[in-house]
Amino acid sequence: MEEKRITMAFAKTLDLMRLAEMAAARHKGVSLVEVSAEFGVNLRTAQRMIRGLEAAFPSIEFSTDQDRRRWWKLNDTKFLRMQGIRDHELEALETSIRRAQREGATRDVSALISLRDRLLAAMPSSHARRAEVDAGAMLEAQGYACRPGPRVQVEPVILGAIAVAIKAPFSLNIAYRGARDNGVLDRVVEPYGLLLGIRQYLIARDLGNGREFRRFRLDRISSAKITGQSFARDPEFDLDTYAAQSFGSYHSAAEYQLVVWRFAPSAAVAASEFEFHSDQVVTEEPDGALRVEFTASGWVEMAWHLYQWGDKVEVIAPAELRDMVKGHQRGDLGVLP
């Protein structure tokens, strides 16, 4: 009975938020007739909803038209902007874009993409990234999107335990075999986040190894169990900053230094479409070449990526990476990434 009461109260809260959206978005505001039609209620209930709106938003204004109908208008939209964009709304927008693409409606595609980008641009960056990822996951689940290419498989039960532990947060017991371990070792770690790519890594503090932040390859974790022991997250830790130490998912303190690439004029346009690193500095040179600079580690992953560009890219720095790709820059690939 109590659960039913809470559910009903939650539903009424969502209705009030939707009503506030209507009152803010429509030029004249919203009338009792429109409230009744939108929520499928009678006029008496619509009146109660309007009174609730007035109580929640004292700044709401009302006006009366020539037919003596009253309209309620919400001009203060700070609360609405705080809501951001909901997952199912972004999902519907992405689905509409793909439907228009399939039907060849190029004008609609352009307009919908522009609308989506403006909505995401108005959101906090963390909310926007999450919304984009969630929308992609929903479309993938519904068969509208897929992720081609190789990937290392991870047991869903392990990934599920890690996800719960990160959100709580709880420490984890993991059975892990590192590249230099003779066998599987049990570790207790405090999870902070995941790095996703061809290989996926858990970022966690290893409580048995000086509480240092470490990267654990998910495919080397044979089991993961939540301890039920909560921990206080380090307020100074930022996953984006930590990830920026690497080009991909591998990190080496010894390799962490300035990286400089120069893309030939014939590849400059294609290279300008990429974000190679979150902190990159891009400079267009007088001859049309593109110079890209950033600071990171992970030379092997850089070399893997650079191979795709053939002889259209030159490694200026570091010297070790330049030596690594030397002799492997082909000119006959015929296509750029």
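Residues numbered from 1 in each chain as written. Predicted model: local features only at pLDDT ≥ 70, side-chain atom pairs only at ≥ 80, totals over all residues. Heavy atoms only, no water.

Caption draft 1: Layout of the overall build of the chain. From N to C terminus, the chain includes 12 helices and 12 strands. Across the 337 residues that make up the chain, the buried fraction comes to 35%. For the chain, the proportion of contacts with a sequence separation of at least 24, taken over those separated by at least 6, is 56%. (Helix = DSSP H or I, 4+ residues; strand = E, 2+ residues; numbered from the N terminus. Buried < 20%, exposed > 50% of the residue type's maximum accessible area, 1.4 Å probe, protein only. Contact = heavy atoms within 4.5 Å.)

Caption draft 2: Structural view of the packing of helix H2 (residues 32-39) against helix H3 (residues 43-56). It is at 9 Å that the axes of H2 and H3 come closest, and there the two elements cross at 105°. On the basis of the axis angle, H2 is roughly perpendicular to H3. Residues Leu32, Val33, Val35, Ser36 and Phe39 of H2 form the contact with H3, whose participating residues are Leu43, Ala46, Gln47, Met49 and Ile50. (Axes fitted to C-alpha atoms, helices over the stretch in contact; angles between N-to-C directions. Parallel < 35°, antiparallel > 145°, perpendicular 65-115°, else oblique.)

Caption draft 3: A look at the sheet that holds strand S4 (residues 170-176). As summarised here, the arrangement of the 5 strands in space is S7-S6-S5-S4-S8, forming an open sheet in which the pairing is antiparallel. Here the strands that pair on one side only, and so sit at the sheet edges, are strand S7 (213-217) and strand S8 (221-230). Ignoring which end each strand starts from, the neighbouring axes of this sheet average 45° apart. Across 6 bridges, S4 lies against S8 in antiparallel orientation. The residue bridging Asn173 from the neighbouring strand is Lys225, located in S8. Across the sheet, helix H8 (residues 156-167) lies against S4, strand S5 (185-195), strand S6 (201-206) and S8, angled at about 25° from S8, the strand it touches most. (Pairing = 2+ DSSP bridges.)

Caption draft 4: Examining the packing of aromatic side chains more closely. Counted under the stated rule, the structure contains 17 aromatic pairs. Between the aromatic rings of Trp261 and Phe294, the centroid separation amounts to 5.3 Å while the plane-to-plane angle is 90°, which identifies the pairing as edge-to-face. Taken together, the residues Trp261 in strand S9 (residues 257-263) and Phe294 in strand S11 (residues 290-296) connect sequence positions 33 residues apart. Relative accessible area serves as the criterion here: at 2%, Phe294 is assigned to the buried category. (Phe/Tyr/Trp six-rings, centres within 6.5 Å; stacked < 30°, edge-to-face > 60°.)

Caption draft 5: The sheet that holds strand S12 (residues 313-317), seen in detail. Spatially, 4 strands are ordered S10-S11-S9-S12 in an open sheet, and the strand pairing comes out antiparallel. This sheet does not close on itself; its edge strands, each paired only once, are strand S10 (281-284) and S12. Here the strands of the sheet are splayed against their neighbours by 20° on average, with no regard to which way each runs. Along the sheet, helix H11 (residues 299-307) contacts S9, S11 and S12; its crossing angle with S9, the most-contacted strand, is approximately 5°.

Caption draft 6: Up close: unusual backbone geometry. In the segment running from Ala168 into Pro169, the intervening peptide bond is cis, with an omega of -10°. Structurally, Pro169 is set in the loop between H8 and S4. That bond from Ala317 to Pro318 is cis: its omega, 0°, falls within 30 degrees of zero. Counting through the fold element by element, Pro318 comes out in the loop between S12 and helix H12 (319-325).

Caption draft 7: Just the environment of Ala25, in detail. Inspection of the secondary structure assignment puts Ala25 in helix H1 (residues 2-25). Residues Ala25 and Lys73, spaced 48 residues apart in sequence, show a C-alpha to C-alpha distance of 8.7 Å.

Caption draft 8: Highlighting the nonpolar core. Counting 22 residues, the largest nonpolar core has Trp261, Phe263, Phe276, Phe294, Met302, Trp309 and Leu321 as its most contacted members. For this core, the elements supplying multiple residues, two or more each, are S9, helix H10 (265-272), S11, H11, S12 and H12. Sequence-distant contacts of Trp261, defined by excluding residues within four places in its chain, comprise Phe247, Phe276, Leu290, Arg291, Val292, Phe294, Met302, Leu306, Val313, Glu314, Val315 and Leu321. Grouped together as the second largest cluster of nonpolar side chains are 16 residues, Ala20, Met22, Met49 and Ile60 included. (Core = buried A, V, L, I, M, F, W, Y, C linked by side-chain atoms within 4.5 Å.)

Caption draft 9: Main features of H10. Turning to H10, its buried residues are Ala267, Ala268, Ala270 and Ala271. On its buried side, H10 packs onto S9 and S11.

Caption draft 10: Region of the structure containing the pattern of salt bridges. Applying the stated criterion across every chain yields a total of 14 salt bridges. Between Lys28 and Asp65 there is a salt bridge, with the nearest N and O atoms lying 4.0 Å from each other. Here Lys28 is found in the loop between H1 and strand S1 (30-31), whereas its partner Asp65 is found in the loop between strand S2 (61-64) and strand S3 (70-73), with 37 residues between them in sequence. Arg217 is the partner of Asp219 in a salt bridge, and the nearest nitrogen-oxygen pair spans 2.7 Å. On the basis of relative accessibility, which here comes to 28%, the residue Asp219 falls in the partly exposed class. Salt bridges here are not isolated pairs; linked through shared partners, they connect Arg262, Glu285, Asp287, Arg291 and Glu293. (Salt bridge = Lys/Arg side-chain N within 4 Å of Asp/Glu carboxyl O.)

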